[in-house]
Structure formats: structure tokens, C-alpha cells
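# Fold and contact review
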Amino acid sequence: MRYLPLNDEDRATMLVRVGAETIDDLFVDVPEEAILDGPIRDLPNHASELAVERHMASLAAENSVAGNAPFFLGAGAYRHHVPASVDHIIQRGEFLTAYTPYQPEIAQGTLQMLFEFQTQVARLFGCDVANASMYDGSTACWEAIVMARRITRRGKALLSSGLHPHYVSVCQTMARFTKDDLRVSLPDFGGATDYDALIDQIDSDTSCVVVQYPDILGRIDDMTRLAERAAEHKALLIAVVTEPVALGTIKSPGEMGADIVVGEGQSIGVGLQFGGPYVGLFGCKQKYVRQMPGRLCGETVDADGERGYVLTLSTREQHIRREKATSNICTNSGLCALAFSVHMTLLGEAGLRRLAAVNHAMAVKAAERLEQIDGISVVNDRFFNEFTVHLGRDARDIIRTLADRGILAGVSLGRLYPDAEELADGLVIAVTETVTDEDIEALATALEDILQELGTWA
Amino acid sequence: MGMNNVGRVTVPQETASDKASATATGNRALMLKEPLIFESGAYDRTGVDIPDAAEVKSRLCGLERDTVIGLPGLAEGETVRHYTRLSRQNYAIDLGLFPLGSCTMKHNPRLNEKVARFPGFADIHPLQPIHSVQGALRVIYQLGEWLKKLTNMPAVSMSPKAGAHGELCGVLAIRSALEARGDAREVILVPTSAHGTNPATAAFAGYKVEDIPATDEGRVDLEALKARLGPDVAGVMITNPNTCGLFERDLKAISDAVHDAGGFVYCDGANFNAIVGRVRPGDLGVDAMHINLHKTFSTPHGGGGPGSGPVVFSEALAPFAPLPFVEEGDDGLLHIIEEETAQEHHGQSFGRMVAFHGQMGMFTRALTYMLSHGADGLRQVAEDAVLNANYVLRAMEDILDAPFADSGPCMHEALFSDSDFAEGFSTLDLAKGLIDEGFHPMTVYFPLVVHGAMLVEPTETESKAALDQFILAFRSVAERALAGDERLKSAPHHAPLKRLDETQAARKPVLVWTDPDPRAEAAE
């Protein structure tokens, strides 16, 4: 019990001071039938640091580490190299063990960082403003739809078929309870996104159109016309970015007219972490700022007129507004926002552009190599660092076989869309700067082998 | 496009009393003024060495970015220095006691950090084939088993991303269970002493919220609650130990009454660290409860997050728990039950709340902490947390109004009010005075049922010596508030900044940095 500083002598002295004979006297309000008389059975007692570390290390060893294999998984979580100084900084106790900055005079470190983070996100997205982060991309996506409903006072949201199916699931779950009307469709294997189909559906009941960029198949498209048509109907365009590194080389959604841009910031500074914690990004046009969910950091002055930062507009938040609150967000991903911000500061404009260029080049190389394989075709012509291939067989089987050969090959559309048989032969392949030429060759060779062995799909 | 030193680094305004201490740079010995990265960085500067991209035929096909993004970079050394300087303007649990009631700031063991960074946990993808991530699934499974046993609840959902998200998860399960039996109830009852997030959550899940008053002794008014129960009430959201710092003695009776009326009981488990190992909420009839892993199981707060809010469920709500979750299969492997596999046994699940599996990085930390403490240690955690809180309560009640000091022992937190302060002095003045004494202020103005509330929670990781020093500071500042010491009204005097103008920030929000030069031109 190395974390507990009181010893028995302290406890005895303190019990006297509080006027209790035993510790049980302090639990006197617990009904007798509910109080436990000893440690819970079936749970082990305390263990040494060495023993605990050994146990956790043995669990860690059961996992195939991405860094030990040719690795091509994306679909909403990307493996990028994170500079060593990022983790060094987020492990500083003054960041790691600080509380939410409600007392700004002694939290300027966190607050200035959040102000810088907001500015970085807003610029990357091409938005006027951004908040101090959300839980993750998927919950940020749903909050954006709720925000669009508040602004437009309409309840119908059109979700692009290119939106990450887990994001769609999250929105559908919530919409069932809030009675929002979500229109969703399955992706087809066309090389282009479904903007025309979305435009056809926009009407006077539509609150928003939600598109992902790059989308779940890796496709990218100019959303300017979609934004214009949405605006004509007074509906909002929400863009979802799950791979923000892309914005180092392609146009930002804000530039193309998106009203709200949300995203997953995991790519920059955070790491894979088996799905979390991640960091939701959220930006919008200035005119909607008071409808934006989440924490906001704003500039102000102190009593001496010096510049400083505070959390602001918190009267929108649920701990104050109780049942009138406009969102479920009661915290942010502060430490992940710090990791994002530090990594972005290390990159800078020049570094981000180079990183994006390397990602794109590696992905193009991989696509060109895979296109040479008999039986494989690349679905999308336009992409950043992720694209989709047809394998002519259920991709789930291929992935398992490749994993047995030490290659983590990508995400099968069968896993993402279990009900859509027509998508089962699709494999989404992400290629970042962490992938080498040898990795690409290993994947291609193994795929050639396996497809040859299996023959074509009956 | 360099942008060095073009910003608005402010020089401190000199006041008569301050003149001698003014410096040319604005620095004060070890406390240095730090400009924003937008004022010190440059667009062509970078702290990473990224190789040249290979020559390929671009497949961006006309979507190439042709504008400046506006992201300044710093060299690696400058970056480390920038954030290290910023860090020194923060208070943190590593620097001292955080007496934050209901927020529970305790020591964050570094073994937890080390374990969370094992590549076997940190460098794995959420969509890897399940046989390649069995150890990670084992962590989720084992942690869930601990939570079920500690609460005596048969089911757990690990995916909620924060406490409030866990509340939402619990209420959606209640609504799903009611809908499954064709029962369209519309009202959730929330005692006035509950967390402010509780009514917000109920409303966000589509319910009408009605308050239930507290008794004079700071607990739910059982008779008022019983009188309001009826066929329109979906459930009750209750916080136990409650936000007045007290154990809800009548929780079992409340649960029985709510169940008899066909509703469900949600318990806000934010304060679970006061009872862990001594009381199991399942024994008190609770149907759903979220557990903030940072509060009870020491994952770091990180300046606002990330949080993690697993939810435990009763038998009645278990079938409706959200996807995904981890289950042992007949093949001896652990499986992730998600959309693909849920139909067979989990068709009643209300669906998915987050993209992947929840906060894995928090799970590894929490499980490491649980194993370190063990069942016996966690029981000691609750005992020491409660002892420390009562120690603070009894050390202060002779000078500060403690509205529920006679209602029974406080649990993990002690509640005071500003009712005896001198005219014109508020809880905020006391809070800012504590900053000058080297402490983070307590939770202020919460709970709402007490005027000028101050909620103090020392937690179990504070020594008697640390408590004594805090009590010395707290008593001293309290005496100044009671006596009307004017200097307290402008506190803090020794923090990196003086009292900040929060009204100005809200009136005309400045949320992003803009280059001051164009703005100056526009103004001319």
C-alpha cells in the first residue's frame, strides 16, 4: 500500500481528533446489511511494483505490436511517428497531474496551451474558431449534428455513405433517443464520393449534410458545390476529418465552405492506443461560436492589465445549466490536446507539409505496386494516404492469413459493414511515413502468394 | 514569412508599490514570460527531420492545398523550452494538495504511466484481428471483472469516455429497458444535491427533469421522493456519497420504492472512492452506476482529461448495455462484441456510443492501480479518504459554518459555507487567498443547496502533515474572510497572474490568435 501515507499511529491520533473510537464509527450511516466486513472475496490483495509490472508486461506481450510488423491499418486511427519530446512534455507532472483550469491564475500553462491548440486546429481546418477538444471524432460528429439542429431548428441530417460506419453507429444510437431523423446509405464501390446524391436529397427540412474527408474508402473530393447547395437551402455542411495529416497537402474543408468541421486528432501526437483515449477536434464559423459545444479558452487580462487566458462561455455547460445544457460534454481531452499541440508545434507548417507529402508518396507507391497484382484493383483514383482495393475474395480471410504471416494488412470492409456482402472483398489500406518500401513489397508479395493459392472467388 | 517577435508580449504595468520589482523583459527570475508559438515561431522552422518525399505521380488530382495554413514551428529545443516554461505556470497534484470536493485529485502513480506506454498496449490498432490483441482484451476484461466485483453488479460497459458520458450511457440503458417493455415514461427525478451533470444528462437523453428536495440534514427527502413516484417516472439519478459529502442512508429504501413504482435507480459513482471495498452499490439496489477511473483509480486528470467512465449494470439493465464489449468465447479467445456479432445474444443492446473500445490507455492505468492496491488496499483507500475528510471538517468547524456537520460523519469531502464572512466577502475571495498560500482552491459554489459552498476533499493520498499544513492555510485565510481583510479581495498576489477578468473574456470572446498587425492597420 505504497500510495497511502498514513500509518497506524497517524490514524489513531486522527480518530481521536475527529471524536471516533474506530474507523467503523465513520461509516455509521451505511446500513448494516450493506457494509462489508473484510476485503472482497475473489479479488487478490495488494502486490509489489515488480509483481504488478510483470503481470501487465505479460498481458502486453500477448499483443502483436504495430511497430514490429509491416503495418497498414487505418480506417479512423493512424500510425504516425511521434517525436520523443512529445511524450516527454506530456509526462511533466505540471501538465499530467493538473486539474481542469477553473482557477486561471494558477493554470496559465494549460490555458495558454489550449489557446494555441484552438488556433492550430482552426487554421488547419480553415475555420474561424475551434474549441479546446472533445472526447473523440465520433462523439464530436454527433455533437456537430446536434449543434446544426439547434442552429437551423430542423431535425433531418443527411449522412454521406463515406462517413466512418462507427461514427454512423454512434449517431444512430443517439438519434434514436433524441428523435433526430438521420438519412444514411451504404457506400458503393464507385471511385467517386456521393456528393451528387446528397445534393439531390437536401430540402427545407435538412439541418445538415455530413461528409467525411478523406472518406472511409480514402476518397477525396471538392465539396465546394455541396457547400453552396446546402447554403441555398439554409442547411449546414459538416465535414469530418479522421486523418488531419491530410490537411497538410489538400484543401481544408473550411476553404471549401464547410460550416462546421470536426475531426479525430489521434494522428498527430497521440498514437494508436487500441482506440483511446483520442482527441476530438471541433471548429466552426465565427457566427456559430455560442452554439459550439465543449470547453473554450479565451484571452483576457488580469487585474494589472497583463494578458492571460481563462475558460469562457461556460454558462453553456451542463454543470452550470443543468437540464438546459446544450451538450453532454463535461470535460475535454486536455492531455491529448497537449500532445497534438506539441507535435504540431514541432512540425510547424513546413514539417506538416513534408509529412503529408511523404505520406502521399508512400501511399501512391503502395497503390501502384498493388495494382500490378493479378486480381487486385484499386477502387479510388484520388486519395491521400489511404485507398481501397478489391481482392475478389472475402478480405477478412485474407487479413487473418496475412496476420499469421506477420503482416497487419489493413481493415476489411466486411468488419466495418458486416451486413453488406457486396463490400466483403474490400480492403482499406493506409500507408503512412512509418511504412517502408520493404513493408510494401512484403505486403504485395504475400498478397500475390495468397491470392494465387486461393484462386479466384467462387 | 518569418514572424519572429511580432506579437503582443505585454510589459507589466508598473504600480507605485510594484515599481521596484518591474523588469525590462517582464521576466521575474525563474518565472519567465512566454510568448505564444504564433509570436515566436516561423512557418519555415521545424523541430522534426522528415525525409524528402519520393517522386511519384500525385493522386490528389486538383485538391492540392494552395494556401498558407498558418502553423508556426519551433526547433526541438525551443519546443521543449516553450512547454516547460508553460508547465511552470500550472498547479498540479505533483506540486501539492488539491482539496477539490467531488473532483478527487489524488497521487498518480508512475508505474501506471510506465505500463500504459508498453508498446503492447500503446502501439496496437483498434481494428487489428482479435487474435492479435488478446492481451489488450484481457486488460479490458479483467478491469471489468474488478469493477463488477467491487460494486456487486453483474454487467459492465467499458466504452464511455468520461463520467458524464457514463451517466448518459446509464440513462440510455434505462430508457431502452423501458421501451423494450413498451413503457414510455417521461420523467427522471434528480435530487437537488446531485451533480449538475445529472439533470443535463437526463435532458440530453430526452427526459423531463424534476427536482427532489433535500432534507435539512442534506440527504434526499425520502417522503417527497415517494410522493412523486408514479407511472410517468422512468427513474431517479442519485449521487452517493452525495454532494453534501454524506452517505445516503435511505438509498436501499429509495431503490425499493423506485423499483416498486416500475422505475430504475441511477447512481452517480463519482464519489465511489469513499466507499470502495466497504460498500457495494449493488447491495443497495442500484441499477446503473458510472465510475470515474481518475477519481477512484488514480488515472491522471491531464488538465481536463481524458476521462473514462465505465458503467456497471444490474441484471435488469444488463441486456441493454451498449456495444462494444469483451466476452470470452467457446474457442478460449476473448472477442469484441460489436455490430457484426451482437445480433445473436445482444440484440437488445442500445448500440454504440464511441467509435472504438473506450479509453484503453486509462484501463491499463486503472488496472495497474487496482492490482497494486488489491482488495485490502482499496478498502484502506476508502477508510483513509473518509478519515482525512473528517479530520479537515473537525479542524475547521469552530470557525467556518459547516451546514451538515451534525448530520453524521462526512464521507470523502467536507462542506462549508460563506455565511459568516464579513460583508462583501465571498467564497471566491477565500479561494483566491488559498492560492497565495500555495494551495489550489477547493471546489467553490457547489453544491447549489448551500450558500457560497466550499467543498473540500483531501483524498487518501495526503499525509497528516500535509493536512495540517493545509488546515493552517485554510484557517488563516478563513479568518481573514471572516474579519474582512481588504487585501483578500484582490488575491492572488503571488500567482503568475493577478485575478483574471472572466467577464471580459465572455463578453467578447477571443478564442484564436490573430496577427496583430493587420488588425492595427484595420483600426487606423
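Each remark here, short or long, concerns the structure printed above.
This write-up is about the structure you can find in this document.

Rules behind the numbers
- Residues numbered from 1 in each chain as written.
- Chains lettered and ligands numbered in written order.
- Predicted model: local features only at pLDDT ≥ 70, side-chain atom pairs only at ≥ 80, totals over all residues.
- Heavy atoms only, no water.
- Helix = DSSP H or I, 4+ residues; strand = E, 2+ residues; numbered from the N terminus.
- Rg over C-alpha atoms; globule rule 2.2 N^0.38 Å.
- Buried < 20%, exposed > 50% of the residue type's maximum accessible area, 1.4 Å probe, protein only.
- Contact = heavy atoms within 4.5 Å.
- Lys, Arg positive; Asp, Glu negative; His and termini not counted.
- Charge placed at Lys NZ, Arg CZ, Asp CG, Glu CD.
- Areas by Shrake-Rupley, 256 points an atom, 1.4 Å probe, with all protein chains shown as cover.
- Pairing = 2+ DSSP bridges.
- Axes fitted to C-alpha atoms, helices over the stretch in contact; angles between N-to-C directions.
- Buried area = accessible area lost by both parts, 1.4 Å probe.
- Salt bridge = Lys/Arg side-chain N within 4 Å of Asp/Glu carboxyl O.
- Polar contact = N/O pair within 3.5 Å; in protein donor to acceptor, adjacent residues only side chain to side chain.
- Nonpolar A, V, L, I, M, F, W, Y, C, P; charged D, E, K, R; others polar.
- Phe/Tyr/Trp six-rings, centres within 6.5 Å; stacked < 30°, edge-to-face > 60°.
- Lys NZ or Arg CZ within 6 Å of the ring centre and 35° of its normal.

### A look at the overall build of chain B
Each helix and strand in chain B was counted, giving 16 helices and twelve strands. Against the globule reference of 24 Å for 524 residues, chain B gives a C-alpha radius of gyration of 26 Å, in line with a compact fold. Along the first, second and third principal axes, the C-alpha atoms of chain B reach 75 × 70 × 45 Å. The buried share of chain B, taken over its 524 residues, is 64%. Long-range contacts, defined as pairs at least 24 residues apart, comprise 73% of the intrachain contacts of chain B with a sequence gap of at least 6. Both charge centroids of chain B, one from 46 positive and one from 70 negative side chains, sit 3 Å from each other.

### Structural notes on the overall build of chain A
Across its full length, chain A carries 14 helices and 13 strands. Considering only C-alpha atoms, chain A reaches an extent of 80 × 55 × 50 Å along its principal axes. Put simply, chain A shows about 14700 Å² of open surface, and 47% of that area lies on carbon and sulfur atoms.

### Some remarks on the sheet that holds strand E4 (residues 233-239) of chain B
All names here are of chain B. In space, the seven strands of this open sheet follow the order E1-E7-E6-E5-E4-E2-E3, with mixed pairing throughout. Both edges of this open sheet fall to strand E1 (155-157) and strand E3 (208-212), since each of them pairs with a single strand only. Going across the sheet, the axis of each strand differs from the next one's by a mean of 20°, ignoring polarity. For E1 and strand E7 (residues 311-313), the ladder comprises three bridges, and the chain directions are antiparallel. Residue pairing in the sheet places Val156 in a bridge with Val312 of E7. Sheet contacts for helix H7 (residues 197-204): strand E2 (187-191), E3, E4 and strand E5 (264-268); angle to E4, the most-contacted strand, approximately 155°.

### Quick look at helix H13 (residues 427-436) of chain B
All names here are of chain B. A large share of H13 lies buried, amounting to eight of its ten residues. Within the sequence span of H13, burial applies to Thr427, Asp429, Leu430, Ala431, Lys432, Gly433, Leu434 and Ile435. The elements touched by buried residues of H13 are strand E11 (443-444), strand E12 (454-456) and helix H14 (464-483). Of the residues trailing H13, Gly438 is marked for its positive phi of about 90°.

### Observations regarding the interface of chain B and chain A
Listed as interface residues are 213 residues of chain B and, on the opposing side, 205 residues of chain A. Summed over both sides, the interface of chain B with chain A buries roughly 18200 Å², with 62% coming from carbon and sulfur. For the pair chain B and chain A, the interface holds 18 salt bridges. The shortest N-O distance in the salt bridge between Arg11 of chain A and Asp384 of chain B comes to 2.7 Å. Across the chain B-chain A interface, the total number found is 105 residue pairs in polar contact (both at pLDDT 80 or more). It is helix H12 (residues 360-396) of chain B that provides the largest number of residues to the side of chain B that touches chain A, a total of 26 residues. Among the residues forming the side of chain B that touches chain A, the class breakdown is 106 nonpolar, 58 polar and 49 charged.

### Quick notes on the side chain of Arg79 of chain A
Turning to its location among the elements, Arg79 of chain A is positioned in the loop between helix H2 (49-61) and helix H3 (84-90). In this structure the side chain of Arg79 of chain A is engaged in a polar contact, spanning 2.8 Å, whose partner is the side chain of Asp123 of chain B. The contacts of Arg79 of chain A, once residues within four sequence positions are left out, are Ala66, Gly67, Phe71, Leu272, Thr432 and Thr434 of chain A together with Asp123 of chain B.

### Observations regarding the pattern of salt bridges
A complete count under the given rule lists 64 salt bridges over all chains for this structure. We note a salt bridge from Asp29 of chain A to Arg249 of chain B, for which the minimum N-O separation is 2.5 Å. Of this pair, Asp29 of chain A sits in the loop between helix H1 (8-18) and H2 while Arg249 of chain B sits in the loop between E4 and helix H9 (251-260), placing the two residues on different chains. What makes Arg249 of chain B partly exposed here is its relative accessible area of 35%. Ionic contacts of the salt-bridge type, sharing partners, join the residues Asp24 of chain A together with Arg278, Arg379 and Glu383 of chain B into one network.

### Re the sheet that holds strand E13 (residues 426-430) of chain A
Residue and element names in this part refer to chain A. Strand order in the open sheet formed by four strands is E10-E11-E13-E12, and the pairing between neighbours is antiparallel. Lying at the two open borders of the sheet, with one neighbouring strand each, are strand E10 (377-378) and strand E12 (411-412). The sheet contact formed by E10 and strand E11 (residues 386-390) spans two bridges and is antiparallel. Across the sheet, residue Ser377 finds its bridge partner in E11, namely His390.

### Quick word on the packing of aromatic side chains
Applying the stated rule across the entire model yields 14 aromatic pairs over all chains. Judged by centre distance (4.7 Å) and plane angle (40°), the ring pair of Phe115 of chain A and Tyr309 of chain A falls under tilted. With Phe115 of chain A in helix H5 (residues 108-125) and Tyr309 of chain A in strand E9 (residues 307-311), this residue pair connects regions lying 194 residues apart in the sequence. Comparing Phe115 of chain A with Tyr309 of chain A, the two get one shared label, buried. When the ring of Phe416 of chain B is compared with that of Phe474 of chain B, the centres are 5.7 Å apart and the planes differ by 80°; the resulting orientation is edge-to-face. Here Phe416 of chain B, found in strand E10 (residues 414-416), pairs with Phe474 of chain B, found in helix H14; they are 58 residues apart in sequence, far enough to count as distant. One aromatic cluster is present, built from ring pairs that chain together Tyr99 and Tyr102 of chain A together with Tyr91 and Phe98 of chain B. Positioned above the aromatic ring of Phe27 of chain A is the side chain of Arg278 of chain B, whose terminal nitrogen or guanidinium carbon lies 4.3 Å from the ring centre. Positioned above the aromatic ring of Phe425 of chain B, the side-chain terminus of Lys489 of chain B is 5.1 Å from the ring centre.

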